[in-house]
Structure formats: structure tokens, C-alpha cells
Amino acid sequence: MNEPVVLGIETSCDETGVGIVRGRTLLADAIASSVDEHARFGGVVPEVASRAHLEAMVPTIERACRDAGVRLQDVDAVAVTAGPGLAGALVVGVAAAKALAVGLGRPLYGVNHLAAHVAVDVVEHGPLPEPTMSLLVSGGHSNLLLVPDVTCDITSLGATIDDAAGEAFDKVARLLGLPFPGGPHIDRVSREGNRVAIDFPRGLTTGRDLQRYRFDYSFSGLKTAVARWVQAREASGEPVPVADVAASFQEAVVDVLTRKAVRACREHGVDDLLLGGGVAANSRLRALAQERCDDAGIRLRVPRPGLCTDNGAMVAALGAQLVIKGRDASRLDLPADSSQPVEQVRA
Ligand code: KG4
Ligand code: ZN
């Protein structure tokens, strides 16, 4: 089947996403987010997210079908994020997808959330070069992936060993009195700040650390360094230069992210780098990645921000690629796997 109509469901975190694609054409991308319900806790509360998915699921499926001009009977296959993610949240999506697949008599594809972040770019920029290098940075993950074939062959070159990049943005934003989620606010206030004002540490970039953790990331030391700097400033009675702290922190994060991603491309002979995840919306990350890719002769692909954050279209896009490449469907008793390894594209 060249142009399968695939409905994809995503519920791994706080977004209930239902996307519909026909082959590589995006027909609908309906989203309901519970982010506002988590704001006062400063982070996603799993039980609240699960309940919100349950309430949003049917209306979001209906909206996606309406937007796409597609009836459920027109759907050729159902895809769903099986993991990794919040266990209770994943279960809601997987149960809904199973019900749809059984009810419609269509195959079910349980897919990997990270692989879906990579696959989504086919609807924006066309077929993925094989291999592609992918830097995925969000509130839940920071991964550097070598992707020879997004439907069956993904290798993790590195990942964060502590906080995810977006988590670091959110925690530092909180420290600076900015609202949750903090990434967009840090991005905004940084425009008024000096990114070389404070020389914050670049984790795992020198000496033995670089050998042992060649393509891994660490942001918890950076977060502590920012906290200490702000405390010292407050203790001395001086005002905290929020824009300078934000810009210098942001620079430390994106410097390490892009440096390691470009090095991974060079060392593995890969000419294409794809960004994904919510932090890929960061304006400084995009600018520095473009600059460094240009210098290294690497082509940079960045899906538009709505496709970088969690959404259903990415799951549908990967599902369609699996159908097109003739990969086997999942079993109907497929489990949600909160720690599904990235190498496992299908559940
Ligand atoms: O992919 P996403 O919507 O959800 C998951 O975490 O899976 O990513 C959300 C994360 C949050 O940590 C948020 O602060 C961060 O992405 N983020 C940003 C920006 N926009 C969103 N971080 C830095 N700069 C931004 N412009
Ligand atoms: Zn994600």
C-alpha cells in the first residue's frame, strides 16, 4: 500500500494527540493539552495527565476525523505510542487504539515515541535520508540517535545521564521566577540578555568525561551552578540580572547540544541532522545548530514547532512508514512499556 490512511494516537505525557496521514501527507493533527492543569505543580503530574487523556480521547479522535475529512471506516491502520512515557498515560492511548483497531478490523502498530519524533519530518520535508542523525530534546528526553532506517534500525549514541534539556530549562526558569513550562520564557528573556555574561559549565565536554560520555549529556551540574550563582548574588544584596543569567544558561545548553550532535555526524559520516522535541523550538538552538551545520557541511532539518512537540501526527507518520515498508503489525495484546528502548521501533 503506497498511500495508507493511518490514524495515530499519542498519550505518553501531557498531550492527547490524534493525527491522520495519507502516506506522507498530513491530513489532521488534533491536540488537547493538560499543561495548564500541571502548571501550579511546576511539572507534569502523572495521575492528572492520565485522567485528562481519558476525557480528551474521544473528542480529539472526532476532531481529527472532521479536520481530515475522513471517516473512521476510511482508516487503513491504527498506530499508537506504546512507550517510552508515563505508564498510566500510555495505557489510555494504547487501550483506545486497540479498541479502534478491533472495532474497525484494521492492523494495529504500537510504536516508539522517540522514533515517531524522527519520522514526523517526512510530512514536512519528505523522505528521510538514510542514515539521518537525530537530536531529540524535550522535557522528557535528550537523545542523540543514529537512524539508518526509522522503521527498523535506530541506535542510541548518547542520552542525558540526569536531567533532560527541557527539564533543565523548566527548573532554571522556576529559579528565575518565570512560569511553567519555562523553556519559551527563557528563550524570550534571553533575547534581552548577554549570552557571554556568565561562563556556566559545559557538562561532559572535556578530558575523561568526553571519552567515557562521548555523546551523552548532563544538565544537573549546570542547573546547580545557576542556582549557586543566583543565591550568591541575592546574598550580596545585588539584583539578579535575569536576562543575562537566562541567556548564559541557554548558551551553555545549546552549545553542548549542538557541539556533540555535529561531532556525532562527523564521526559517523552522516550528512543530515534532524532536530526534534519541544526544545527544538528554541530560537538560539536553531540558530547555533544552523551555523555549526553550515560550517561542517551538514544539512539541518527542523520540523515546524507544532510537529516538534508531542503530537499525534508523528505517530501516524511513523505508522504509515511501517505500512509502506511492509513491516509486521503489533499483536493486539501489546503492552504499554514506559521504558521501551529506542532500538525497539515497534512494540
Ligand atoms: O516535546 P515537549 O512538548 O514535551 C515533552 O517533554 O515530551 O517538550 C516540552 C519541553 C518543556 O520542557 C519546555 O520548557 C521546552 O520543551 N520548550 C522549550 C522551548 N519551547 C518549549 N525550551 C527551550 N526553548 C523553547 N523555545
Ligand atoms: Zn516527546
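Read on for an overview of the structure.

What counts as what
Residues numbered from 1 in each chain as written. Chains lettered and ligands numbered in written order. Predicted model: local features only at pLDDT ≥ 70, side-chain atom pairs only at ≥ 80, totals over all residues. Heavy atoms only, no water. Helix = DSSP H or I, 4+ residues; strand = E, 2+ residues; numbered from the N terminus. Buried < 20%, exposed > 50% of the residue type's maximum accessible area, 1.4 Å probe, protein only. Contact = heavy atoms within 4.5 Å. Polar contact = N/O pair within 3.5 Å; in protein donor to acceptor, adjacent residues only side chain to side chain. Donors = N, O, S within 2.8 Å, 3.2 Å for Na, K, Ca; no water. Tetrahedral: all angles 85-135°; square planar, octahedral: opposite > 155°, others 65-115°.

1. Here we look at the environment of Lys171
Mapped onto the fold, Lys171 is located in helix α6 (residues 165–175). The exposure class of Lys171 is partly exposed, given its relative accessible area of 33%. Between the alpha carbons of Lys171 and Ala227 there is a distance of 9.7 Å; along the sequence they are 56 residues apart. Leave out the neighbours within four places in its chain, and Lys171 touches Asp163 and Lys223. Polar contacts involving the side chain of Lys171 include one to the side chain of Asp163, which spans 3.4 Å.

2. Quick look at the environment of Trp229
Relative to the helices and strands, Trp229 resides in helix α9 (residues 220–235). Overall, Trp229 belongs to the partly exposed group, its relative accessible area being 26%. Residues Trp229 and Leu26, 203 residues apart in the sequence, show an inter-C-alpha distance of 46 Å. Filtering out sequence-adjacent residues up to four positions away, Trp229 remains in contact with Ile198, Phe200, Pro241 and Val245.

3. Overview of the coordination of the zinc ion (ligand 2)
Of the protein atoms, only His113 (NE2), His117 (NE2), His141 (NE2) and Asp310 (OD) coordinate the zinc ion (ligand 2), at distances of 2.1 to 2.7 Å. One can describe the donor arrangement at the zinc ion (ligand 2) as irregular, given that its four donor atoms subtend angles of 86 to 163 degrees at the metal. Counting the intervening residues between successive donors of the zinc ion (ligand 2) yields the motif H-x3-H-x23-H-x168-D. Remark: Asp310 occurs in the loop between α12 (305–308) and α13 (312–324) and His113 occurs in helix α4 (residues 113–119); sequence separation between them is 197 residues. Here His113 falls in the buried class, since its relative accessible area comes to 1%.

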